[in-house]
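Each chain, letter by letter, is given below.
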Amino acid sequence: MRHSDEVETPRGPARADIDLPVGPVRTLLVLGHGAGGDVDAPDLLAVRDAVIEAGVGVIRVTQPYRVAGRRAPAPAAHLDEAWCAVSAVLKERHPTVSRWVVGGRSSGARVACRTARATGAAGVVALAFPLHPPGRPERSRAGELATGLPTLVVNGDRDPFGIPQPGPDVEVVVRPGERHDLRGDPAGSAAVVRDWLRALGWASA
C-alpha cells in the first residue's frame, strides 16, 4: 500500500510518503532526505524496496522547507522540531506499530540521530552520514551518532565528508567505490540495511 500524507508542523507542512507491506506492520522505518535533495534519492528508494520485501514499512519524510520549494536547508533546530512533530503525528496515525526505526541520508541522518531519543526510536539507520565538512576533519559530528541505540552507518569509502568509526552501539559498513551519493550500487547498500534489520529481529520476512 502506497500513499502520501501532509503533516502540519510548527515549521509548515511536511509530506510523508508511506509504503507498507502486505499484512500487519510491526516495524516502521522513517527516513529523511539530504540537505538539498529529496526522498526520491536512489539509496532511499532502494532501501524502501528492500525492507518492504522484508515486512518493514517505510515512511519517507520531506521537510517543510523542501515542501515549500526551497533548496537551502533550514537551521538544525527547525529541522529537528519539524521531524519530532511529524514523528508524533505518524505514531497517532499508525497506533499498531510497535517499533519505530529512524534514519535518512546525510542531513536527514543527522536529524534522525539528534532526535532519536526524543522520538522514542528503537534504532537508527544513517546513510552517508556526513562526519565532517569536506576538508575539515576537525569539525567532527561523531557525537551525534552516540545515541545509545542500535545504529547502522552505511558510507562510501570515497565520501569526502568522511567515514565514522564504529562504537559500542554503532555498526559502520563501508561500501567500496561509493561516494557521498551512494549511487554506484544502491541495491547493495539497501541490502545492508535489510540484513541489519533482520539480524536484530526487526523484520518479519
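Residues numbered from 1 in each chain as written. Predicted model: local features only at pLDDT ≥ 70, side-chain atom pairs only at ≥ 80, totals over all residues. Heavy atoms only, no water.

Trainee: Account for the overall build of the chain, naming residues and giving values.
Mentor: Helix and strand counts for the chain stand at 5 helices and 8 strands. For the chain, the N- to C-terminal ordering of α and β elements is β-β-β-α-β-α-α-β-α-β-β-β-α. Taken against the 2.2 N^0.38 rule, which gives 17 Å for 205 residues, the C-alpha radius of gyration of the chain at 15 Å falls within 12% of a compact globule. The C-alpha extent of the chain, read off along each of the three principal axes, is 45 × 35 × 30 Å. Looking at the chain residue by residue over its 205 residues, the buried ones come to 55%. (Helix = DSSP H or I, 4+ residues; strand = E, 2+ residues; numbered from the N terminus. Rg over C-alpha atoms; globule rule 2.2 N^0.38 Å. Buried < 20%, exposed > 50% of the residue type's maximum accessible area, 1.4 Å probe, protein only.)

Trainee: Give a detailed account of helix α3 (residues 76-93), specifying residues and quantitative values.
Mentor: Look at α3: 26 Å from first C-alpha to last across 18 residues, which is about the 26 Å you get at 1.5 Å a residue. Turning to α3, its buried residues number three or more, namely L79, D80, A82, W83, A85, V86, S87, V89 and L90. (Expected span 1.5 Å × (residues − 1).)

Trainee: Tell me about unusual backbone geometry, and name the residues and values.
Mentor: One non-glycine residue, S106, lies in the positive phi region at around 55°. With respect to the helices, strands and loops of the structure, S106 is situated in the loop between β5 (99-105) and α4 (107-115). Residue class for S106 comes out buried when judged on its relative accessible area of 12%. Its identity is not glycine, yet L182 carries a phi of approximately 50°, on the positive side.

Trainee: Summarise the packing of aromatic side chains; cite the residues concerned and give the values.
Mentor: Inspection of the entire model under this criterion finds 1 aromatic pair. With a centroid separation of 5.8 Å and an interplanar angle of 85°, the aromatic rings of W196 and W202 are classed as edge-to-face. Each of the two residues, W196 as well as W202, counts as buried. (Phe/Tyr/Trp six-rings, centres within 6.5 Å; stacked < 30°, edge-to-face > 60°.)

Trainee: Would you mind going over helix α1 (residues 42-53) in detail, with residue names and values included?
Mentor: Between its first and last C-alpha atoms α1 spans 17 Å; for 12 residues at 1.5 Å apiece the expected length is 16 Å, and the two agree. Phi turns positive one or two residues past the end of α1, at G55, with a value near 85°.

Trainee: Which residues make up the packing of α1 against helix α5 (residues 186-199), and what values do they have?
Mentor: When two helices pack together, their arrangement is given by the angle between their axes and by how far apart the axes lie. At a minimum axis distance of 8 Å, the contact between α1 and α5 shows a crossing angle of 45°. Between α1 and α5, the angle is such that the two are oblique. With respect to the hand of their crossing, α1 and α5 are arranged in right-handed fashion. Residues P42, D43, A46, V47, A50 and V51 of α1 pack against P186, A187, A190, V193, R194 and L197 of α5. (Axes fitted to C-alpha atoms, helices over the stretch in contact; angles between N-to-C directions. Parallel < 35°, antiparallel > 145°, perpendicular 65-115°, else oblique. Left-handed = near helix turned anticlockwise from the far one by under 90°. Contact = heavy atoms within 4.5 Å.)

Trainee: Describe the sheet that holds strand β8 (residues 170-175), listing the residues and the values that go with them.
Mentor: Spatially, 8 strands are ordered β1-β2-β4-β3-β5-β6-β7-β8 in an open sheet, and the strand pairing comes out mixed. Each having just a single partner strand, β1 (2-9) and β8 make up the two edges of the open sheet. Strand after strand, the sheet turns through a mean of 20° between neighbouring axes, direction not considered. With respect to the sheet, α3 is in contact with β1, β2 (12-19), β3 (27-32), β4 (57-62) and β5, its orientation differing from that of β1 by roughly 125°. (Pairing = 2+ DSSP bridges.)

Trainee: Let's hear about the nonpolar core: which residues, and what values?
Mentor: Ranked by internal contacts, the top residues of the largest apolar core, which has 33 residues, are I59 and L90. Where this core is concerned, the elements lending two or more residues are β2, β3, β4, α3, β5, α4, β6 (123-127) and β8. Examining the composition of this core, we find that 5 residues originate from one element, α3, more than from any other. Aside from chain neighbours lying at most four places away, what touches L90 is A16, V30, I59, V61 and W100. The next biggest cluster of nonpolar side chains, apart from the first, holds 26 residues, and it includes L44, V101, L152 and V154. (Core = buried A, V, L, I, M, F, W, Y, C linked by side-chain atoms within 4.5 Å.)

By themselves these figures say nothing about function.
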